[in-house]
Amino acid sequence: MSDVRWFCRGEAEWAVIVERLKLTPCPHCRTVGTLIRHGVLTGFDDSSARKTVRARRIFCSNRHRRGGCGRTVSVWFADKIRRLSLTTRTVWTFLQRAVAGSIAAAIRASKSSRSDRTLRRVWARFQRNQSAIRTALLSRGPPPHGPAASARRPASAQVLTHLSVTFPHADCPVAAFQQATRAFFV
Ligand SMILES: [Zn+2]
């Protein structure tokens, strides 16, 4: 399994990565000139009724006397989330609803897109990851002041506010977080 993960915003950004592959040092062994394309990871999510490309792989070739290390890098589309059949946008909308009202209400509102079980799992993953998310956000800037920072607001609501002020121009703050931190949000 790959232990290095990159994110890209879309096909154009992937094309740039491919174009520069021969000049890009392998993130594992730092060798230049050994990275090659190595297949795709497809799957279902709520962006389409068909399978879509979720990630692509890059291989540091150790074949034919190329001096690579044989390890791989996964390059994920920033709006996909590993082991989850939802896009970041759906997750973002669901979490915002959940902190604004209740999880039950957020599930009712999102029902058309996914099952209870999936959405409850998203909430559990978000809870589990919250301190890691907060740490990553703090390294980029302080949390907002004012009413949004009120001590009476639950921590999960504060994290989402912090996320949206960290990536104010992002189409989807969850995707922007993944791209910037090279880590999955949940
Ligand atoms: Zn390598």
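Read on for a plain summary of the structure. (Residues numbered from 1 in each chain as written. Predicted model: local features only at pLDDT ≥ 70, side-chain atom pairs only at ≥ 80, totals over all residues. Heavy atoms only, no water.)

1. Side note on the pattern of salt bridges
Okay, step 1: Applying the stated rule across the entire model yields five salt bridges.
Okay, step 2: Between Arg-9 and Glu-13 there is a salt bridge, with the nearest N and O atoms lying 2.8 Å from each other.
Okay, step 3: When the shortest N-O distance is used, the salt bridge between Arg-89 and Asp-171 registers 3.3 Å. Here Arg-89, found in helix α2 (residues 88-100), pairs with Asp-171, found in the loop between α5 (155-166) and α6 (173-181); they are 82 residues apart in sequence, far enough to count as distant.
Okay, step 4: With a relative accessible area of 42%, Arg-89 lands in the partly exposed category.
Okay, step 5: What emerges from the salt-bridge pattern is a single network uniting Asp-45, Arg-54 and Lys-80. (Salt bridge = Lys/Arg side-chain N within 4 Å of Asp/Glu carboxyl O. Helix = DSSP H or I, 4+ residues; strand = E, 2+ residues; numbered from the N terminus. Buried < 20%, exposed > 50% of the residue type's maximum accessible area, 1.4 Å probe, protein only.)

2. Re the packing of aromatic side chains
Okay, step 1: Scanning the entire structure with this criterion turns up five aromatic pairs.
Okay, step 2: Site record: aromatic cluster; members linked through ring pairs are Trp-123, Phe-126, Phe-177 and Phe-185. (Phe/Tyr/Trp six-rings, centres within 6.5 Å; stacked < 30°, edge-to-face > 60°.)

3. Thoughts on the sheet that holds strand β3 (residues 52-60)
Okay, step 1: In spatial order, the strands read β1-β4-β3-β2; together these four strands make up an open sheet with mixed pairing. Each of the sheet's edge strands pairs with one partner strand only, and the pair in question is β1 (4-8) and β2 (35-43). When strand polarity is set aside, the average angle formed by the axes of neighbouring strands in this sheet is 25 degrees. (Pairing = 2+ DSSP bridges. Axes fitted to C-alpha atoms, helices over the stretch in contact; angles between N-to-C directions.)

4. Quick word on the environment of Val-75
Okay, step 1: Structurally, Val-75 is set in strand β4 (residues 72-77).
Okay, step 2: For Val-75, a relative accessible area of 2% puts it in the buried group.
Okay, step 3: Expressed as a C-alpha distance, the spacing of Val-75 and Val-40, which sit 35 residues apart in the sequence, is 9.3 Å.
Okay, step 4: Apart from residues no more than four positions distant in its own chain, Val-75 is found in contact with Trp-6, Phe-7, Cys-8, Trp-14, Ile-17, Arg-54, Ala-55, Arg-56 and Ile-58. (Contact = heavy atoms within 4.5 Å.)

5. Points about the coordination of the zinc ion
Okay, step 1: Within the protein, the zinc ion binds to Cys-26 (SG), Cys-29 (SG), Cys-60 (SG) and Cys-69 (SG); these donor distances fall in the range 2.2 to 2.3 Å.
Okay, step 2: For the zinc ion, the four donor atoms are set out with angles of 105 to 115 degrees between them, so the coordination reads as tetrahedral.
Okay, step 3: Mapped onto the sequence, the residues coordinating the zinc ion show the spacing C-x2-C-x30-C-x8-C. Separated by 43 residues along the polypeptide, Cys-26 in the loop between α1 (11-19) and β2 and Cys-69 in the loop between β3 and β4 bring together distant segments of the chain.
Okay, step 4: Classification of Cys-26 by relative accessible area gives buried; the value is 0%.
Okay, step 5: Cys-69 gets classed as partly exposed once you look at its relative accessible area, which sits at 28%. (Donors = N, O, S within 2.8 Å, 3.2 Å for Na, K, Ca; no water. Tetrahedral: all angles 85-135°; square planar, octahedral: opposite > 155°, others 65-115°.)

6. Here's the deal with the packing of helix α4 (residues 116-138) against α5
Okay, step 1: Here α4 crosses α5 at 50 degrees, and the two axes come no closer than 10 Å. Judged by the angle between their axes, α4 and α5 are oblique. The element α4 and its partner α5 pack so that their crossing is left-handed. Together, Trp-123, Phe-126, Gln-127, Gln-130, Ile-133, Arg-134, Leu-137 and Leu-138 of α4 and Ala-155, Ser-156, Val-159, Leu-160, His-162, Leu-163 and Thr-166 of α5 make up the contact between the two elements.
Okay, step 2: Here the contact of α4 with α5 is built from residues that sort into nine nonpolar, five polar and one charged. (Parallel < 35°, antiparallel > 145°, perpendicular 65-115°, else oblique. Left-handed = near helix turned anticlockwise from the far one by under 90°. Nonpolar A, V, L, I, M, F, W, Y, C, P; charged D, E, K, R; others polar.)

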